[in-house]
Amino acid sequence: RYETHIMEGGRVQQGADPGIFALQPGRIVGLEGMPGSGLTRLGLRMLAEPSRRAPVAVVDARGWFCPLSAWESGLQPHRLVVVRCSDRVLWPQVAAALSDGLAAVYAEVPVGIKEPLLRRLAAVVRNRRASLVLRPVRGELPTGLAHLRLRVRDVAWEGPEAGFGRLQRRRLVVEASGKQVGGRTQIFEVDDGGTDAVRVVSGLAAAPLRRVAG
């Protein structure tokens, strides 16, 4: 479960909305940050709850996705559809088609997808009452596209050395903005222990992160 403690005015606010990561029908969540910052895992955790009720999909634009990572994040294996698509022409059609028949979709956005196509996709998602998580491979989403925008400001790893080894812990400093958080920018910390559980924790201002990886 999520224990949400959000920084506001330099202090940790207790009792914040524990459903900040809950997907909503007809809404888009945008995940923005450097590769390796843990956003894929965060996006997969968002699909975990919908996958208990209906099929969900992942659109892999980089060719890196491993289904095992989804299962470890709590997705139901028999309800996961993986589609690999890096083609800028086909990608909008693929994302729109999946949002027509599935409860929720996590889609990496290839480089070069134009803003009008993304806004057209957003209109389709709203009309079909689907839930869509967009993760740009590079850059950011157009302003106002996402109902909830999560941007990684900092990340620290414990475990892997020189790209090898078991992840023992990853801590993200995440900035949330958009209508889902009342139009205010909120900053919080996500503690990922490498297991199914991903916690939003307090103590953001206790100490700066020391080990940053891209």
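Thresholds, definitions, all that
- Counting of residues starts from 1 at the beginning of each chain's written sequence and follows it residue by residue.
- With pLDDT at 70 or above as the cut-off, local features in this predicted model cover only qualifying residues; side-chain atom pairs require 80 or more to be listed or tallied, and sums for whole chains, interfaces and linings still use all residues.
- For the side-chain quantities, the full set of heavy atoms in the structure was used; hydrogens and water were omitted.
- Where helices and strands are cited, they refer to DSSP runs of H or I of at least four residues and of E of at least two residues respectively, numbered from the N terminus.
- To sort residues, take the accessible area from a 1.4 Å probe on protein chains only and compare it with the maximum for the residue type: under 20% means buried, over 50% means exposed, and anything in between is partly exposed.
- By definition in these notes, contact holds between two residues if any of their heavy atoms fall within 4.5 Å.
- In protein, a polar contact means a hydrogen-donor-capable atom and an acceptor-capable atom, both N or O and within 3.5 Å, with residues adjacent in sequence counting only if both atoms are side-chain atoms; elsewhere, any N or O pair within 3.5 Å suffices.
- In a helix, the anticipated span is given by 1.5 Å times the number of residues less one.
- Directions from the helix axis toward the C-beta atoms define the arc.
- In this analysis, strands are considered paired if DSSP registers two or more bridges between them.
- In the sections that follow, a salt bridge refers to a side-chain nitrogen of Lys or Arg positioned within 4 Å of a carboxyl oxygen of Asp or Glu.

(A) Representation of the overall build of the chain. Tallying secondary structure elements over the chain gives 4 helices and 11 strands in all. Residue burial in the chain is summarised as follows: out of 214 residues, 46% are buried. Considering only residue pairs separated by 6 or more positions, the chain has 67% of its internal contacts joining residues 24 or more positions apart.

(B) Local environment of the environment of P77. Tracing the backbone shows P77 in the loop between α2 (67–72) and β5 (80–84). According to the relative accessible area criterion, P77 is partly exposed, its value standing at 47%. On a C-alpha basis, the gap between P77 and P67 in space is 8.2 Å, while along the polypeptide they are 10 residues apart.

(C) Representation of the side chain of R149 in the model. Along the chain, the position of R149 falls in strand β8 (residues 148–158). Only 3.3 Å separates the side chain of R149 from the side chain of E140, close enough to count as a polar contact. Only 3.2 Å separates the side chain of R149 from the backbone oxygen of L141, close enough to count as a polar contact. Dropping the residues within four chain positions of it, R149 is found in contact with G30, E32, E140, L141, T143, E175, A176 and S177.

(D) Structural detail: helix α4 (residues 115–128). Taking 1.5 Å as the rise per residue, α4 with 14 residues should run 20 Å; its terminal C-alpha atoms sit 20 Å apart, in good agreement. For α4, the full list of buried residues reads L118, L121, A122 and V125. Take α4 and look down its axis: the buried residues cluster within an arc of 105°, on one side only. Along α4, exposed side chains directed more than 90 degrees from the buried face belong to P116, R120 and N127. Following α4 by one or two positions, R129 has its phi on the positive side, about 60°.

(E) Spotlight on the pairing of strand β3 (residues 27–32). Judged by how many residues are buried, β3 sits mostly within the fold: 5 of 6 residues are covered. In terms of strand pairing, β3 meets strand β7 (residues 131–136) through 4 bridges, oriented parallel. The residue bridging R27 from the neighbouring strand is S131, located in β7.

(F) Expanded view of the pattern of salt bridges. Within the structure shown, the criterion is met by 12 salt bridges. Its salt-bridge partner being R84, residue D60 comes within 2.2 Å of it at the nearest N-O pair. A residue pair is termed long-range when its members are at least 10 positions apart, and D60 in strand β4 (residues 56–60) and R84 in strand β5 qualify at 24 residues. We classify D60 as buried; its relative accessible area is 2%. One salt bridge in this structure joins R119 and E115, with 2.8 Å as the shortest N-O distance. Within this pair, R119 and its partner E115 are both found in helix α4, separated by 4 residues, close to a single helical turn. You can call R119 partly exposed: its relative accessible area is 33%. Relative accessible area serves as the criterion here: at 40%, E115 is assigned to the partly exposed category. Each member of the salt-bridge network shares a partner with another, and the members are E32, E140, R149, R151, R153 and E175.

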